[in-house]
Amino acid sequence: MLHTIVLLATLVTAAPGSRDMTTEFERSGGLRTPDYAGTVDYCRRLAASSRRVHFSTFGTSGEGRALPLLVVDANGYTDPERIHRAGKAVVLIQAGIHSGEIDGKDAGLMLIRDITAQDSLTSLLDHVSIVFIPILNVDGHERSSPYNRVNQNGPESMGWRTNASNLNLNRDYLKADTPEIRAWLALYNRWQPDLFIDCHVTDGADYQYVLTYVIERWQNADPAVARWSAERFQAPLERRMRAAGLPLAPYCDFRVWHDPRSGLQSFASTPRFSTGYVALRNRPAMLIEAHMLKDYATRVRATYRMLTETLRIVNREADTLRAIVAEADERVRQPAFRADPLPMTWTTSFTESTMVDFLGFDYTIDRSDLTGGDWPRFSDRPVTLQVPYFGAQRTTASARLPEAYIIAPQWTEAIARVEAHGLACFRLRESTRLTISTVRFDNVAWSAAPFEGRHQLTYDWNEIEETREFPAGSVVVDLAQPGVRVAAQLFEPAGTDALVRWGFFDACFEQKEYVESYVIEQIARDMLAADPALADEFAAARKDPAFAASPARIRDWFYQRTPYVDQRIRIYPIARIRDRATVEQLRRAAR
């Protein structure tokens, strides 16, 4: 059974003639993972043991811990430009974004050790360089306890899901509130990796698979990158893992949670997630999800094998992969890309499916006599289930892209996000009057409870065109750049993770001037006397009993129809420039 598969018998614990490089995971028989200090110490020893490995840090957490980084290159290069010039495909692997799900850290450390110590694995660096983040959520990693993940089978003590500010880093990629993700973005912008892997451990049902996965290849990805991901990466990876005794399944997102027979459904990750964000950057992105009910040793060794097979495929595909992502970057710069509506949101289509084999365990769903709810009860009897797989996505909202966005300089937090994401932009040198398009929001509502430290918004909106004065220092984000999808998701109100939805522009919804009752009472009478149509409209409004019984609502009804009301309230501060000639004129003036 897959529960008891023992893999990687060739793992070494020490390179011949060198000091012992056995990991804490190996010394404990697959039961433990090292703490932060032990992890950093092992990274330093890896770097000292081989000229191919370089240890550094790339940022600082909220509690002041350095974020560790290993760069592995056959020539010992550490400069991204030099590595790219050498024709290497750069693979960025991260672990510990949810630091209780730490399998990728131990798998990655052993793999890097073995690549530099075993002749049979050294060839993995022939056409690939590895950038490895062993722990991204370093503060959560040190909030370690045996009781942090009730659903998970080991290690003996594991980290916490969120960072020291109780924010989930894997919900922060677009809004970039946390120091860890801002450091990650700087790292990404510097390295421009060709493929990204994020290592996790999943919750859900019980089943035979040790690993499930997601490879982004839907509306959030460049079509050519998506084809390469499906045909040249996903298909051979599944074959290789099956041959190794580790068959894979898509991430087990069941149509009815905990119930495999209800069917599997695909999803395209939104930009708040690591893989959804990387897809916007025109790169293949894979999420590895080890199965939480398997023991820690089995999960780590399976993750090791998945990383190994991925590197073998990328070595073979390095030139093709580098060409595809370069072409994607160039393609989205072109006017033809902006001519078509850009998918902004999507959902699983349940109108089409295929039947697939699913390696599960027999189970029942009983009615609990304690809670009254459903109680899934899994046995240890393996079964192969025939289940529907809903593998298509349909677009639910699109946006007609402008040639550029322009942001007035007072919106410093939004501008800081433009800079954090490495988006090309320039500032106006002098005040400029422009005709732009934007939106006016209506029916704005905030969530009652916070999510990731913010109260999210829902709203309706209507497109408007206006002439507006933009002061010197306003930022112009030209969309003729590789980061066009990122910019659109930041600023188009249709985006699920647009900054406006996260509350970055809440002030523009606030009323700041009010009218006294003794003033509006007379103004209202004058308005009714002067405008019979308004009197009819008011009479219709008074048919609502709640409105008719509220003096405050009646007064505000009249106030909103006076010229004294704020004409800028609910107007989006982000403006669109739709004319290419205007963007170029502004660029020339900014030089």
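Quick note: structure is the one above.
All values reported here derive from a predicted model rather than from experimental measurement.

**Student:** Tell me about the overall build of the protein chain, residues and numbers included.
**Tutor:** When you go through the protein chain residue by residue, the secondary structure sums to 18 helices and 20 strands. By the compact-globule yardstick of 25 Å for 591 residues, the protein chain fits well, its C-alpha radius of gyration being 28 Å. In terms of its C-alpha atoms, the protein chain occupies a principal-axis envelope of roughly 95 × 70 × 45 Å. With 591 residues in all, the protein chain has 55% of them scored as buried. Across the protein chain, contacts joining residues at least 24 apart in sequence account for 79% of those joining residues at least 6 apart. Entry remark: accessible area of the protein chain is about 24800 Å², with carbon and sulfur atoms responsible for 49%. Across the protein chain, the mean location of the 70 positive side-chain charges is 3 Å away from that of the 75 negative side-chain charges.

**Student:** How would you explain the environment of E26 if you had to name every residue and give the values?
**Tutor:** Locating E26 in the fold gives a position in helix α1 (residues 24-27). A relative accessible area of 17% places E26 in the buried class. A distance of 2.9 Å separates a polar side-chain atom of E26 from the backbone nitrogen of T23.

**Student:** Just give me the short version of the environment of V515, but keep the residues and values in it.
**Tutor:** With respect to the element layout, V515 can be found in the loop between α13 (484-491) and α14 (517-530). In this structure, the C-alpha to C-alpha distance between V515 and D206, residues 309 residues apart in sequence, is 62 Å.

**Student:** Any details on the environment of Y77? Residues and values, ideally.
**Tutor:** Along the chain, Y77 turns up in the loop between β2 (66-72) and α3 (80-85). Along the sequence, Y77 and V53 sit 24 residues apart, while their C-alpha atoms lie 8.9 Å from each other. Once residues lying within four places of it in the same chain are set aside, the contact partners of Y77 are V71, R82, I83 and A86.

**Student:** Which residues make up the nonpolar core, and what values do they have?
**Tutor:** Across soluble globular proteins, nonpolar side chains have a tendency to be buried as a group. W184 and F491 are the most contacted members of the largest nonpolar core, which has 129 residues in total. The leading source of residues in this core is helix α10 (residues 296-331), at 15 residues. What W184 contacts, discounting residues up to four positions off in sequence, is F58, L92, Q94, I133, L136, Y173, F196, Y277 and V278. If you look at the next biggest cluster of nonpolar residues, it comprises 16 residues, including Y207, W218, A249 and L264.

**Student:** Run through the sheet that holds strand β6 (residues 211-215), naming residues and quoting values.
**Tutor:** Strand order across the open sheet formed by eight strands is β1-β2-β4-β3-β5-β10-β6-β7, with mixed pairing between neighbours. Each edge of the open sheet is held by one strand with a lone partner, namely β1 (53-60) and β7 (249-250). The pairing of β6 with β7 spans two bridges and is classified as parallel. What sits directly across from Y213, in β7, is P250. Strands in contact with helix α2 (residues 36-49) are β1 and β2; relative to β1, the strand with the most contacts, it is inclined by about 140°.

**Student:** Tell me about the packing of aromatic side chains, residues and numbers included.
**Tutor:** For the structure shown, the criterion picks out 28 aromatic pairs. Arranged with centres 5.0 Å apart and planes meeting at 80°, the rings of W557 and F558 form a pair that is edge-to-face. Like F558, W557 is buried. Ring pairing ties together the aromatic residues W411, F441, W446, Y459, W461, F505, F509 and Y572, which thus form one cluster. R261 extends its terminal NZ or CZ atom over the ring of Y363, reaching a point 4.4 Å from the ring centre. When the ring centre of W375 is taken as origin, the NZ or CZ atom of R377, which lies over that ring, is 4.0 Å away.

**Student:** I'd love a proper account of the sheet that holds strand β8 (residues 254-256), names of residues and values included.
**Tutor:** Ordered by their spatial adjacency, four strands build an open sheet running β8-β9-β13-β12, and the pairing between neighbours is mixed. Two strands close off the open sheet at either side, each with one partner strand: β8 and β12 (354-367). The sheet shows a mean angle of 40° between the axes of neighbouring strands, direction not considered.

Quick notes on the rules
- Residues numbered from 1 in each chain as written.
- Predicted model: local features only at pLDDT ≥ 70, side-chain atom pairs only at ≥ 80, totals over all residues.
- Heavy atoms only, no water.
- Helix = DSSP H or I, 4+ residues; strand = E, 2+ residues; numbered from the N terminus.
- Rg over C-alpha atoms; globule rule 2.2 N^0.38 Å.
- Buried < 20%, exposed > 50% of the residue type's maximum accessible area, 1.4 Å probe, protein only.
- Contact = heavy atoms within 4.5 Å.
- Areas by Shrake-Rupley, 256 points an atom, 1.4 Å probe, with all protein chains shown as cover.
- Lys, Arg positive; Asp, Glu negative; His and termini not counted.
- Charge placed at Lys NZ, Arg CZ, Asp CG, Glu CD.
- Polar contact = N/O pair within 3.5 Å; in protein donor to acceptor, adjacent residues only side chain to side chain.
- Core = buried A, V, L, I, M, F, W, Y, C linked by side-chain atoms within 4.5 Å.
- Pairing = 2+ DSSP bridges.
- Axes fitted to C-alpha atoms, helices over the stretch in contact; angles between N-to-C directions.
- Phe/Tyr/Trp six-rings, centres within 6.5 Å; stacked < 30°, edge-to-face > 60°.
- Lys NZ or Arg CZ within 6 Å of the ring centre and 35° of its normal.

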